[in-house]
Amino acid sequence: MSQSAPLHPDQKPDQSPAYITTPIYYVNDRPHIGHAYTTTLCDVWARAMRFAGRDVFFLTGTDEHGVKVEKSAQARGIEPQALADENAAEFQKVMKMFNLTNDDFIRTTEPRHERQVQSLVKRLLETGDVYLGEFEGWYDEGQEEYVTETKAKETDFKSPISGKPLVRANERNYYFKLSAYQDRLETLFADHPGFVKPDARRNEVLGRLRGGLQDVPITRTNFTWGIPFPGDEEHVIYVWIDALLNYATALNLADADDDRHRYWPATFHVIGKEILWFHAVIWPAVLMALELPMPGCVYAHSFWISEGKKMSKSLGNFVDLPTIERYLDVYGLDAWRWYMVNNGPLGATDADFQAAGFHETYTSDLVNTVGNCASRTTAMLGKYFDGVVPADAGCEFPGWDLKASADEAVTAWRAALEDFALDNACAAGIGLLRTVDAFINATEPFKVAKDPERQDELASTLARCIEAVRIASVMLWPVIPQRMESLWLAIGCDIDPASGDLTTQACWGDSLVGAQTEKVALFPRIDAASTPMADVAS
Ligand code: ME8
C-alpha cells in the first residue's frame, strides 16, 4: 500500500504477507488491561489488513520460563508447569473473551519452541556470537537483567522499575557478543528512521545505544526452570533470549522450508515501552547474528495507569479481568475496544483509565455520533422512501461534496494504519460521520421532504448520506466489528471483511441503491448510574 495513493475500484489490493506480534505474556501473573490492550491493538490492525486483502499472521502467546515463574510456583506449592498451564489457559480465555483473531498462540514450554530455541542458540555458538565467559555486575532481580555501572549509579543502585536494591552478581555464563553489533545497529537506526516508533521512544533507544553496548549473558545457572543450553546442561537459556525467539519459532524459522516462512520478518512487533531495549537492540542484534532479515517496526506504546495512579499489586488498583467483565456487561465489547484504541496510551504518554472518561467517550463518540448518524439517516430513509435507498438524483449542494470527503477519509485511514496510528484511523471514520451530520443539519432534509417539488434534492441528500455511512462503517469495522456488522444487516449491504475486498468496499458508488433498510439503534444510551464506576473508584 502506498501512503498517498487514493483508492480506486480497479486498484489491485496489496496481498503481500503481513506479520504482527504482541509480547508473550508472563504466566506468573493473571491477565489485566495491559495485556488486553496490546493484543486488542494488534487485533484491530490485523482485521484491517485482512480486510484490505493482506495475508496476515497475528501472533500472541505466553512466556513461561524464568526465575519469576519458578518462584511464583514455589510460593503456591505447585510445579512451574502447572502454574504455566493454569495461567496460559487464563490468557487464552482472554483472547476468546475479547474476540481476538490471533492466528496462533505460542507457549514457550511447547516442544516446537524449545527444540527450535536450542537449535538457534547452537547456531549462535557456532558463528562465535555466543561464548563462555565470566562477569560481575549490578543485577536487577525483578527484571532479570544486568544494568551498567553508570545506569546503576544514576538510579542510586535501585531498580528503576521496582525500586528494589540492585544486587552484585558474579556469574560464569554464556554471553552474546552484543558489543560487536554497535555499528550495525547504529546504521540500522540511521537507515530506517521508522524502525522504532513513536519517535520519542526511538530517541531514547538511540541515546542509550550511543552510550555503548556490553556483551550480555544469555544463560543462568541459579535456577532450572528454562530451556537447557545445548551441549552444557548445567546452564539454562536466559528467559529473554528464549522469549524473543518466539517470534521466529512460531513461524518454524529454525526448520527448513515451512509455509509460515513467508510471514518473516514482522511488519510490527507491538510492545509496551518497558521492554523496548530488548526488542529494539538485543533482538535485531540476535537477528543480525542469525543472518535473518530485520523487522519493519518495533512499536512501543506507553502505559495505562488507573484513576490517576500507577497500577500496582500493592495498591490493588489493577484493571483486572473481573473489572473488565463488568464494563463488557454494561457497555459491550465494541465500546471497550473503542475506548482502548481511542483513549489508550498508543503514543508516548501514559493514559489514565477512568470510569467517568469511559462513560463520556461511549456517549459522545458511539451514542451521539456513530449511533445517532446511522439512526437518523436510516430513520429518514424509512419515513420518506419506505426504507428503500433512492438513486442519487445528482443535485448540487454548494460547499458539500460527501464523495470527496469519503475519499479523503479513506486515504487518511490507510495512511494511519501504515503508521500504526490506530486512533487516527478511528478519527478518519468517525470524522466522516460528523461530516454527514453537519451535511444533514445544513441541508435539512426533514424540511425538504415537505415540498413535493424537491424530491430530487431529498433523494440526493439521503442517497449520499447512507453511502457515506456505509464507507465510514468499513473504516470503523476493525475496531467495532459487532455493531458495524449489525449496521450492514440493517442497511442491506453485503460486506464480508474475510473476502479482502476493502478496496472495492471503500469506494464511493451506488451499491446500496434499491436496498431495503431499516432504522438502526446501534449503541443504547446508558444511564451513568448503571456503570461500573462505583466499583472501580472504590
Ligand atoms: O514483559 N499498560 O511480559 P508481561 C499497557 N514476558 N500495557 C501494559 C501494561 C500497562 N499498564 N502492563 C503490561 C513481559 N502491559 C515479557 C515479554 S516478549 C518477547 C516478552 C503489556 O506479562 C505491554 O504490552 O510483563 C507490556 O509490554 C506487556 O504487557 C508485558 O507483559
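Reading the values: rules and limits
Residues numbered from 1 in each chain as written. Predicted model: local features only at pLDDT ≥ 70, side-chain atom pairs only at ≥ 80, totals over all residues. Heavy atoms only, no water. Buried < 20%, exposed > 50% of the residue type's maximum accessible area, 1.4 Å probe, protein only. Helix = DSSP H or I, 4+ residues; strand = E, 2+ residues; numbered from the N terminus. Pairing = 2+ DSSP bridges. Right-handed = clockwise from strand over helix to strand, strands pointing away. Near = heavy atom within 4 Å. Polar contact = N/O pair within 3.5 Å; in protein donor to acceptor, adjacent residues only side chain to side chain. Nonpolar A, V, L, I, M, F, W, Y, C, P; charged D, E, K, R; others polar. Phe/Tyr/Trp six-rings, centres within 6.5 Å; stacked < 30°, edge-to-face > 60°. Lys NZ or Arg CZ within 6 Å of the ring centre and 35° of its normal. Expected span 1.5 Å × (residues − 1). Axes fitted to C-alpha atoms, helices over the stretch in contact; angles between N-to-C directions. Parallel < 35°, antiparallel > 145°, perpendicular 65-115°, else oblique. Contact = heavy atoms within 4.5 Å. Arc of directions from axis to C-beta.

Trainee: Sorry if this is basic, but what is going on with the pairing of strand β11 (residues 268-272) here?
Mentor: Strand residues, when the strand is regular, have side chains that alternate between the two faces of the sheet. In terms of burial, β11 is largely enclosed, as five of its five residues are buried. Where burial is concerned, the two faces of β11 agree: the one with Phe268, Val270 and Gly272 and the one with His269 and Ile271 are both buried. Sheet topology places strand β1 (residues 17-26) next to β11; two bridges connect them, and they run parallel. Considered in β11, the bridge of Ile20 is made with Phe268. The pairing of β11 with strand β12 (residues 297-301) spans five bridges and is classified as parallel. Its bridge partner being in β12, Ile271 is matched across the sheet by Ala300. With helix α10 (residues 276-289) bridging β11 and its parallel neighbour β12, the resulting β-α-β unit is right-handed.

Trainee: Just to check I follow, could you spell out the site of the ligand for this structure?
Mentor: For the ligand, the set of nearby residues contains 23 residues, the closest of which are Ile24, Tyr26, Thr38, Asp63 and Trp304. Here a nitrogen atom of the ligand sits 2.9 Å away from a polar atom, N or O, in the main chain of Trp304. Those elements that place two or more of their residues in the shell around the ligand are β1, α1 (33-51), α8 (239-244) and β11. Here the shell around the ligand gets four residues from one element, more than from any other, and that element is β1. Of the residues contributing to the shell around the ligand, the split by class is 13 nonpolar, eight polar and two charged.

Trainee: What am I meant to see in the packing of aromatic side chains here?
Mentor: Pairs of aromatic rings are described using the distance from one ring centre to the other and the angle between the two planes. Scanning all chains against the criterion turns up 35 aromatic pairs. Here Tyr331 and Tyr362 contribute two aromatic rings whose centre-to-centre distance is 5.0 Å and whose plane-to-plane angle is 70 degrees, an arrangement assigned as edge-to-face. A residue pair is termed long-range when its members are at least 10 positions apart, and Tyr331 in helix α11 (residues 321-331) and Tyr362 in helix α13 (residues 355-385) qualify at 31 residues. Clustering of aromatic rings is evident, with ring pairs tying together Tyr37, Phe98, Trp304, Tyr327, Tyr331, Trp336, Tyr339, Phe353, Phe358, Tyr362 and Phe523. It is Arg168 that lies over the ring of Trp138; its NZ or CZ is 4.7 Å from the centre. The ring of Trp277 carries Arg208 above its face, with NZ or CZ at 3.8 Å from the centroid.

Trainee: What is the right way to look at helix α15 (residues 422-443) in this model?
Mentor: The periodicity of an α-helix, 3.6 residues per turn, causes residues three or four places apart in sequence to face the same way. Counted at 1.5 Å a residue, the expected span for α15 with its 22 residues is 32 Å, and the 32 Å between its end C-alpha atoms agrees. In the segment just after α15, Glu444 is the residue with positive phi, at about 45 degrees.

Trainee: What should I look at first to understand the packing of helix α14 (residues 402-418) against α15 in this one?
Mentor: Relative orientation and spacing of two packed helices are given, respectively, by the angle between their axes and the distance between those axes. Across the interface, α14 lies against α15 with an axial gap of 7 Å and an inter-helix angle of 170 degrees. The pairing of α14 with α15 is recorded here as roughly antiparallel in orientation. The segment α14 lies against α15, with Leu402, Ser405, Ala406, Ala409, Ala412, Trp413, Ala416 and Leu417 engaging Leu422, Asn424, Ala425, Ala428, Leu432, Thr435, Val436 and Phe439. Partitioning the contact of α14 with α15 into residue classes produces 13 nonpolar, three polar and no charged.

Trainee: For this particular structure, what's the right way to read α11?
Mentor: Taken as a whole, α11 has its buried residues at Leu321, Thr323, Ile324, Tyr327, Leu328 and Tyr331. Projected down its long axis, α11 shows its buried positions confined to an angular sector of 160 degrees, all on one face. One or two residues past the end of α11 sits Gly332, with phi positive at roughly 90 degrees.

Trainee: When you look at the side chain of Thr38 in this model, what are you seeing that I'm missing?
Mentor: The residue Thr38 is located in helix α1 in this model. Within the local environment of Thr38, its side chain forms a polar contact with the side chain of His301, the two groups lying 2.9 Å apart. Beyond its immediate stretch of four places on either side in the chain, Thr38 contacts Thr22, Pro23, Tyr25, Val270, Ile271 and His301.

Trainee: Before we go on, may I ask you to explain the sheet that holds β12 in this structure?
Mentor: Strands belonging to one sheet form pairs held by backbone hydrogen bonds; the direction of such a pair is parallel or antiparallel. Sheet architecture is open: six strands sit in the order β3-β2-β1-β11-β12-β7, paired in parallel fashion. Strands with a single pairing partner mark the edges of an open sheet, and in this sheet they are β3 (104-107) and β7 (196-197). Against the sheet, helix α3 (residues 80-97) makes contact with β1, β2 (55-63) and β3, and its axis sits at roughly 160 degrees relative to β3, the strand it touches most.

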